[in-house]
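Here is how the chains run, residue by residue.
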Amino acid sequence: MIGKLNHVAIVVPDLDRAMTTYRDALGATVSEPIDLPEHGVRVAFVELPNTKIELLLPLGENSPVAKFLERNVDGGMHHLCYEVDDIITARDKLVAAGARVLGNGEPKIGAHGKPVLFLHPKDFCGTLVEIEQV
Ligand code: CO
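This section reports on the structure supplied with the text.

The rules we used
- Along each chain, residues carry numbers from 1 onward, in the same order as the chain's sequence is written.
- This being a predicted model, a pLDDT of at least 70 is required before a residue's local features are given, and a value of 80 or more before pairs of side-chain atoms are given or counted; all residues contribute to the totals for chains, interfaces and linings.
- Remark: hydrogens and water are excluded; side-chain values derive from all non-hydrogen atoms of the structure.
- Every helix listed is a DSSP run of H or I at least four residues long, and every strand listed is a run of E at least two residues long, numbered separately from the N terminus.
- Atoms counted for the radius of gyration: C-alpha only. Globule rule: 2.2 Å times residue count to the power 0.38.
- We call a residue buried when its accessible area falls under 20% of the maximum for its residue type, exposed when it is over 50%, and partly exposed in between, using a 1.4 Å probe and counting protein chains only.
- In this description, contact between two residues means that some pair of their heavy atoms is separated by no more than 4.5 Å.
- Using a 1.4 Å probe, the Shrake-Rupley method yields the accessible areas, and only the shown protein chains count as cover for residues.
- The sign given to each residue is positive for Lys and Arg and negative for Asp and Glu; His and the chain ends receive no count.
- Charge placement uses NZ in Lys and CZ in Arg. For Asp and Glu, CG and CD serve respectively.
- A 2.8 Å cut-off from the metal defines N, O and S donors, relaxed to 3.2 Å for Na, K and Ca; water is not in the atom list, so some sites may appear incomplete.
- Two strands pair under a simple rule: DSSP has to find at least two bridges between them.
- Should a side-chain nitrogen of Lys or Arg be within 4 Å of a carboxyl oxygen of Asp or Glu, the pair is scored as a salt bridge.

### Considering the overall build of the protein
Here's step 1: The helix and strand inventory of the protein stands at three helices and nine strands.
Here's step 2: Computed over the C-alpha atoms, the radius of gyration of the protein is 15 Å, within 12% of the 14 Å expected from 2.2 N^0.38 for a compact globule of 134 residues.
Here's step 3: Taking the principal axes of its C-alpha atoms as reference, the protein extends roughly 45 × 35 × 25 Å.
Here's step 4: In the protein, buried positions account for 43% of the 134 residues.
Here's step 5: Within the protein, counting contacts between residues at least 6 apart in sequence, those at least 24 apart form 54% of the total.
Here's step 6: Split by element, the accessible area of the protein, about 7,700 Å² in all, is 53% carbon and sulfur.
Here's step 7: Across the protein, 13 positive and 19 negative side-chain charges occur, with their mean positions spaced 5 Å apart.

### Section: the coordination of the cobalt ion
Here's step 1: For the cobalt ion, the protein coordination sphere consists of His7 (NE2), His79 (NE2) and Glu130 (OE), at 2.0 to 2.1 Å.
Here's step 2: The exposure class assigned to His7 is buried, which follows from its relative accessible area of 0%.

### Remarks on the pairing of strand β8 (residues 115-119)
Here's step 1: Buried residues dominate β8, accounting for four of its five residues.
Here's step 2: With two bridges connecting them, strand β7 (residues 108-109) and β8 associate as antiparallel partners. Bridge pairing links Ile109 to Pro115 in β8.
Here's step 3: Turn length for the β7-β8 hairpin, with the two strands adjacent in sequence and antiparallel, is five residues, and the turn residue Gly113 shows positive phi of about 75°.
Here's step 4: Here β8 pairs with strand β9 (residues 128-133) via four bridges, running antiparallel. Paired with Leu119 across the two strands is Val129, which belongs to β9.

### Description of the side chain of Glu83
Here's step 1: In this structure, Glu83 sits in strand β6 (residues 76-84).
Here's step 2: There is no salt bridge for the buried Glu83, and the closest opposite charge comes from Lys52, which lies 5.6 Å off by N-O distance.
Here's step 3: Other than its neighbours up to four places away in sequence, Glu83 contacts Met1, Ile2, Gly3, Lys4, Asn6, Glu132 and Val134.

### Let's talk about the pattern of salt bridges
Think of it this way: side chains of opposite charge can pair up when their charged atoms draw near.
Here's step 1: Enumeration according to the criterion identifies five salt bridges in this entry.
Here's step 2: One salt bridge in this structure joins Arg23 and Asp24, with 3.6 Å as the shortest N-O distance.
Here's step 3: The salt bridge involving Asp92 is made with Arg91; its shortest N-O contact spans 3.1 Å.
Here's step 4: Asp92 sits in the partly exposed class, given a relative accessible area of 41%.
Here's step 5: Since its relative accessible area comes to 14%, Arg91 is described here as buried.
Here's step 6: Overlapping salt bridges, with partners in common, bring together Arg91, Asp92 and Glu106 in one network.

Written out as structure tokens, the structure is:
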């Protein structure tokens, strides 16, 4: 059911420093940062030939990644995002298989303007999983 790895998201304590690390030390192409207040993050995208890395900085008081950064002060890997053709079909199949969908279970529009859902890490090998309809 899942397709390509769309991105790996890393929460960082200092976005400028993370962008410099990926651009200068690792030699990757890094986008300008953008604020996504509805998701509580400032994000910059690292473009790789086969996927993307999302560098996430908490934005605002109720950022969903703020607690993660409290527990992981140097930052760390936050979630994996897999592509699906049809997010509703994928969700229904996952729920039928016993997986827990986070939030109200309805897709939200994600950082790339496409519908996304998050799945409970305890159901996926301890990893927060995002699915994105492409
Ligand atoms: Co993501």
